[in-house]
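Single-letter residue listing:
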Amino acid sequence: MDEVLEAARAVEWSKLRERTLCDACLGRLFGKLGHGHTNQERGRAVREAAAVAEGACWVCDGLTSRYDALARLVAKKLELWDYDTFLIGSKVDPEVQAREESLWSELGLTNPEALKSEVNREVGKRVCDLVKKEPSLESPDILAVVDTSFDHVDLHVNPLFLRGRYRKLVRGIPQTRWPCNRCHGKGCAKCGGTGKMYPTSVEEILATEVMRESGGSGHALHGMGREDVDARMLGTGRPFVLEIKEPRKRHLDLAAARDRVNVSGQAEVDAFLPATRKDVVAVKSDRADKTYRVLVRFASPVDEAKLKKELIILEAQPIAQRTPTRVVHRRADTTRHRSVRRAEVLSTDGTVAELRVTAEAGAYVKELVHGDQGRTKPSLADQLGVACEVLELDVVDIHDEG
Ligand SMILES: [Zn+2]
Ligand SMILES: [Zn+2]
C-alpha cells in the first residue's frame, strides 16, 4: 500500500477533497499500484491519509456498490445455457467515463484504472463464485455484457466447433447449403418452396444430427476446399469444422451423433471431435494436394501408349487455368497456375479411360481434362487432339498433414 500512498501524496489533496468519492472510485485513481489490494482497500487507505470526505460518489453514482446485484443478474441469465467458461464485458455510461477521465487529468494521475475494467473484474469474480465456472479471456463459451445504466445483460453465446473428416458417398449433393438463386432462400416455384438449389448438402446432413441434440440456432460447415456437386468425396475423407451457432447444449454424445449421420448413406464422418475457432482457420488455410479418380470419354479412340505419354507431358509443366466457364458467373475471371503432381491410367478400352490424377490444391481437374475451350492450357484434350468429356470425378485422397 506504500506505493499507493506515495502516489496519493504527489497529488494536491485540496483537489482530491473537492468532490466526494466512494472508496472504490478513490482507490481506482491509483488502481494500477499496490498489487494485491482491491480498489476499495486502496480508497480507504487514501481517504484516511488525505482526509477525503465520504458521500454520494461524484464519479460512479453508486455503481461500485451494485456489483453483487449485477453478478446475480448475470448468473440468472446464464442459467439457461450449457457452458464451461465465460467472460464479463460491460457498458458504462459515457458521462461516467468522461467524469473519471476529467478527474485523472485534473489530478495529473499516471496509474488510474478505468471503472469499466473494475466492473468487468469485480462482477466477473462474483459471477465465478455464483456459477462455479471459470472465466476465460481468450475463448469463453459465453460473453456476458452488462449494461450498467439499465441493469441489462446481453449474452453472446459463442459457437460450438466440431472437427472431423467427411466422405460424400453419392453425387449430386453440394458441400454446403446452397440457397435458391432465384428467391435467395425465401422459397419460390423454382425451388419448390425450399429456398434451396438442392434438397440437402453435406453441411445439412452433418449439422442436422448435431443440431438435434445441441439445439443451436444455425450452422456452418468449413471444409478444407470443396468438391463439385457431382463429385464424390471418398478415401479417408475431407477435413472439416462444423460450427453450431448459439448451442443450448455443448456436452453432446458425439459418437451417437456420428452414428446417426453415418446411417444416412449419403455422407459419413469418421468422428466429431471438439475443436476451436483456430481449427477453422487451419482447415481454411490448408493447401493440400488432392488425388482424383477421373472417368473420361474420348470423342475418337485413343491409344493407351499415346494417352500415357501425354499424361507424362502434363506432369512436366505448369497448367494455366482461367476461371472455368461453369463458375465464372460467381468468381472473378483470373488465371491461376497449378501443377499436376502425377497422372496415370488405371484402365482404358480406347474410348473410356479411368485416370488417377494428383494435383496441387486449387487445380480445376475437369478443365485440365477437357480444356474448357482453351481456357485451361495445356489440357489433356489439347495434348491428344481429341475432345474429352469427363463422365465421373471423385476425390479419392486429400494429402493434408492429418
Ligand atoms: Zn464511486
Ligand atoms: Zn427459390
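See the structure above.
Residues numbered from 1 in each chain as written. Chains lettered and ligands numbered in written order. Predicted model: local features only at pLDDT ≥ 70, side-chain atom pairs only at ≥ 80, totals over all residues. Heavy atoms only, no water.

A closer look at a positive patch on the surface
Item 1. On the surface, Arg 226, Lys 284, Arg 330 and Arg 331 cluster together into a patch of positive charge.
Item 2. Take Arg 331: it is sitting in the loop between strand E11 (319–322) and strand E12 (335–338). (Patch = residues over 30% accessible without salt bridge, like charges linked within 9 Å, V, L, I, M, F, W, Y side chains within 5 Å. Areas by Shrake-Rupley, 256 points an atom, 1.4 Å probe, with all protein chains shown as cover. Salt bridge = Lys/Arg side-chain N within 4 Å of Asp/Glu carboxyl O. Lys, Arg positive; Asp, Glu negative; His and termini not counted. Charge placed at Lys NZ, Arg CZ, Asp CG, Glu CD. Helix = DSSP H or I, 4+ residues; strand = E, 2+ residues; numbered from the N terminus.)

What about the coordination of the zinc ion (ligand 2)?
Item 1. Bound to the zinc ion (ligand 2) on the protein side are Cys 180 (SG), Cys 183 (SG), Cys 188 (SG) and Cys 191 (SG), at distances that span 2.2 to 2.3 Å.
Item 2. Along the chain, the residues donating to the zinc ion (ligand 2) are arranged with the sequence spacing C-x2-C-x4-C-x2-C. Here Cys 180 matches Cys 188 in class, with each residue buried. (Donors = N, O, S within 2.8 Å, 3.2 Å for Na, K, Ca; no water. Buried < 20%, exposed > 50% of the residue type's maximum accessible area, 1.4 Å probe, protein only.)

Focus on the coordination of the zinc ion (ligand 1)
As a benchmark, a tetrahedral metal site with four donors has ideal angles of 109.5 degrees, while an octahedral site with six donors has ideal angles of 90 or 180 degrees.
Item 1. Only Cys 22 (SG), Cys 25 (SG), Cys 57 (SG) and Cys 60 (SG) from the protein reach the zinc ion (ligand 1) as donors, at distances of 2.2 to 2.3 Å.
Item 2. Every donor counted, the four donor atoms about the zinc ion (ligand 1) form angles of 102 to 117 degrees at the centre, which fits tetrahedral coordination.
Item 3. Considered as a linear motif, the donors of the zinc ion (ligand 1) on their single chain read C-x2-C-x31-C-x2-C. Accessibility classification places Cys 22 together with Cys 25 in one group, the buried group. (Tetrahedral: all angles 85-135°; square planar, octahedral: opposite > 155°, others 65-115°.)

A word on helix H8 (residues 202–214)
Item 1. For H8, which comprises 13 residues, the first-to-last C-alpha distance of 18 Å matches the rise-based estimate of 18 Å (1.5 Å per residue) to within 8%.
Item 2. Largest kink in H8: about 30 degrees, centred on Thr 208.
Item 3. The buried count for H8 comes to ten of 13 residues, which makes it a mostly enclosed element.
Item 4. The secondary structure elements touched by the buried residues of H8 are strand E5 (160–168), strand E6 (218–223), strand E7 (232–245), helix H9 (254–262) and strand E8 (267–269).
Item 5. Where H8 ends, the next residue or the one after it, Gly 215, has phi of about 65 degrees, a positive value. (Expected span 1.5 Å × (residues − 1). Bend = angle between axes of the 7 residues up to and from the residue. Contact = heavy atoms within 4.5 Å.)

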